[in-house]
Amino acid sequence: MPHLNNPLHAKRSMVLGAVVGGGTLVGVPLFCILIMGVDSTTRNIYPTYALAKKLRSVNFINRIEVVVVGV
């Protein structure tokens, strides 16, 4: 932090990163539960991958599961 030109910019970036990360941690399970349901989400070992396969079968976005596996 002492080598930064503008510490206010660093604070804003850290807050933005925390908000985006927290939103992702809340949003992904929420989408899994809303789309697949509680029972299917709890039965799957990787519910995010199952959600990506379901989105592919609807032809919403093609090859999205490759991105999920990569992440």
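Residues numbered from 1 in each chain as written. Predicted model: local features only at pLDDT ≥ 70, side-chain atom pairs only at ≥ 80, totals over all residues. Heavy atoms only, no water.

### Here's the deal with the overall build of the protein chain
We count it as follows: Numbered from the N terminus, helices here are DSSP runs of H or I no shorter than four residues, and strands are runs of E no shorter than two. Remark: exposure states derive from per-residue accessible area (1.4 Å probe, protein chains only) relative to the maximum for the residue type, with buried under 20%, exposed over 50%, and partly exposed in between. For accessible areas, the Shrake-Rupley method is used with a probe of radius 1.4 Å. Any residue's cover is judged against the shown protein chains and nothing else.
Along its length, the protein chain carries 4 helices and 0 strands. Walking the protein chain from its N terminus toward its C terminus, one meets helices and strands in the order α-α-α-α. Expressed as a percentage of its 71 residues, the buried residues of the protein chain come to 14%. For the protein chain, the exposed surface amounts to about 5,900 Å²; the carbon and sulfur share of it is 68%.

### Some remarks on the side chain of T41
Basically, it comes down to this: In this analysis, two residues are considered to be in contact whenever any of their non-hydrogen atoms come within 4.5 Å of each other.
In this fold, T41 is placed in helix 2 (residues 38-43). For T41, the contacting residues outside a window of four places in its chain are C32, I33, M36 and P47.

### Quick look at a nonpolar patch on the surface
Note the threshold: Think of a patch as exposed residues, more than 30% relative accessible area, with no salt bridge, where like charges cluster within 9 Å and nonpolar side chains (Val, Leu, Ile, Met, Phe, Trp, Tyr) cluster within 5 Å. Whenever Lys or Arg places a side-chain nitrogen within 4 Å of a carboxyl oxygen from Asp or Glu, that contact is recorded as a salt bridge.
A cluster of nonpolar residues, L30, F31, L34 and I35, forms a patch on the protein surface that exposes about 420 Å² of accessible area. Along the polypeptide, I35 turns up in helix 1 (residues 7-36).

### Looking at the confidence of the model for the protein chain
Quick note on the threshold: The pLDDT value tells you how sure the predictor is about a given residue, anywhere from 0 up to 100.
Here the protein chain averages 85 in pLDDT, and 89% of its residues register 70 or above. Looking at the elements of the protein chain, mean pLDDT is at its lowest for helix 4 (residues 64-70), recorded as 78, and at its highest for helix 2, recorded as 93.

### As for helix 1
Selection criterion: Given the number of residues in a helix, its expected span is that number minus one, multiplied by 1.5 Å.
In this model, helix 1 (30 residues) spans 43 Å end to end at C-alpha, consistent with the 44 Å of a helix rising 1.5 Å per residue. By the burial criterion, the buried members of helix 1 are A10, G27, C32 and M36. Looking one or two places after helix 1, you find G37, whose phi comes out positive at around 95°.

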